[in-house]
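Architecture and fold: a report
This is what each chain is made of:
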Amino acid sequence: MKIAIMGAMVEEIEPLLENFENVEKVEYAKNIFYTAKYKDLELVIAYSKIGKVFASLTASTMIEKFKCEKLLFSGVAGGINPELEIGDLIVAKKLSQHDLDITIFGHAHGYVPEGSVFVESDRKLISIAKDVATQKGIKLKTGIIATGDQFIASVERKNWIQETFNADALEMEGASVAVVCDALNIPFFILRSISDTADMDAGFDFDEFLKDSSKKSANFIIAMLDKISK
Ligand code: ADE
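Being a predicted model, the structure only gives us computed values, none of them experimental.

Moving on to the pairing of strand β2 (residues 24–28). The buried fraction of β2 amounts to zero of the five residues, a small share that puts the element mostly on the outside. Bridge analysis of β2 against strand β3 (residues 31–38) gives five bridges, and the strand direction is antiparallel. In the sheet register, Glu-27 faces β3, and the bridge partner there is Ile-32. In sequence, β2 turns back onto β3 through a hairpin of two residues, with Ala-29 there showing a positive phi of about 55 degrees.

This is the structure in structure tokens:
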């Protein structure tokens, strides 16, 4: 089984790569794809660069060129739901693009014709994640993630995203990866650890907690690989 594991930033994939020996590099589409073996799994690991366009390109490349059969995303997010504290993990049950707006034509936020406001993640991968969380005694929230090409550091915008999409967390890649995987029929899983709460302190908190939160997300993904390989 060939599995794609992606992040958006180098800090999000470094703690993944540390786990593997004999990692090889393949350059393609102005990016580097790291290949490794883990038990009976073949892995392709990459960071896309920030935002929906780069994330879509990387997800498509991992599926179409590298022939990955499942995709796992590991990274950080801004928390919306007050239950989520910095370092907590959230897995997306479904995702939406909060900055996709043709409401002038009477459509809902996040909707374009022939698309859908939300894209749902793979249930089996979520169920594996729940088992891992229970076994390891890790708090794991399942919720809605909203994605947009904006770093949110405003309570006003964060509240709007909460009210419009009922979102629990926000970030800048997940929903675009979801659209690609859904279109290409590839089961996907988006995991995020909270780095900030998208308020006026978000820029500072993000810099402060990016590394630690990325590691928490990466460690959880590694634990999931043990279950996926069985
Ligand atoms: N990823 C982590 N924190 C974020 C924020 N506040 N806005 C957008 N993406 C994020």
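Once that is clear, we can look at the pattern of salt bridges. This model, assessed by the stated rule, comprises eight salt bridges. The partner of Lys-39 in a salt bridge is Asp-226, with the nearest N and O atoms 2.8 Å apart. Taken together, the residues span a long stretch of sequence, with Lys-39 in the loop between β3 and β4 (41–47) and Asp-226 in helix α6 (residues 202–228) at a distance of 187 residues. Under the relative-accessibility criterion, Lys-39 is labelled exposed at 57%. On the basis of relative accessible area, Asp-226 is assigned to the partly exposed category, the value being 22%. Where Lys-52 meets Asp-99, a salt bridge forms, and the shortest distance between an N and an O atom there is 2.7 Å. Here Lys-52, found in helix α2 (residues 52–64), pairs with Asp-99, found in the loop between β6 (89–97) and β7 (119–120); they are 47 residues apart in sequence, far enough to count as distant. We classify Lys-52 as buried; its relative accessible area is 11%.

The next point concerns the nonpolar core. The biggest cluster of nonpolar side chains holds 35 residues, and the ones touching the most others in it are Met-6, Met-62, Leu-71, Leu-95, Val-177 and Phe-188. At the level of secondary structure, the elements contributing two or more residues to this core comprise β1 (2–7), β4, α2, β5 (70–79), β6, α5 (174–183), β10 (188–196) and α6. The greatest single-element share of this core, amounting to five residues, is contributed by α5. Here Val-177 is in contact with Met-6, Ala-55, Ala-59, Leu-71, Phe-73 and Ile-190, once residues within four sequence places are set aside. If you look at the next biggest cluster of nonpolar residues, it comprises 32 residues, including Ile-3, Phe-20, Leu-125 and Ile-128.

Tallying each qualifying case throughout the model produces five aromatic pairs. Each ring, one from Trp-160 and one from Phe-165, has its centre 6.0 Å from the other, and the planes form 80 degrees; the classification is edge-to-face. By relative accessible area, Trp-160 is classed as partly exposed at 25%. By the ring-pair criterion, three or more aromatic residues cluster together here, those being Phe-118, Trp-160 and Phe-165. When the ring centre of Tyr-28 is taken as origin, the NZ or CZ atom of Lys-65, which lies over that ring, is 4.7 Å away.

Conventions used here
Residues numbered from 1 in each chain as written. Predicted model: local features only at pLDDT ≥ 70, side-chain atom pairs only at ≥ 80, totals over all residues. Heavy atoms only, no water. Buried < 20%, exposed > 50% of the residue type's maximum accessible area, 1.4 Å probe, protein only. Helix = DSSP H or I, 4+ residues; strand = E, 2+ residues; numbered from the N terminus. Pairing = 2+ DSSP bridges. Salt bridge = Lys/Arg side-chain N within 4 Å of Asp/Glu carboxyl O. Core = buried A, V, L, I, M, F, W, Y, C linked by side-chain atoms within 4.5 Å. Contact = heavy atoms within 4.5 Å. Phe/Tyr/Trp six-rings, centres within 6.5 Å; stacked < 30°, edge-to-face > 60°. Lys NZ or Arg CZ within 6 Å of the ring centre and 35° of its normal.

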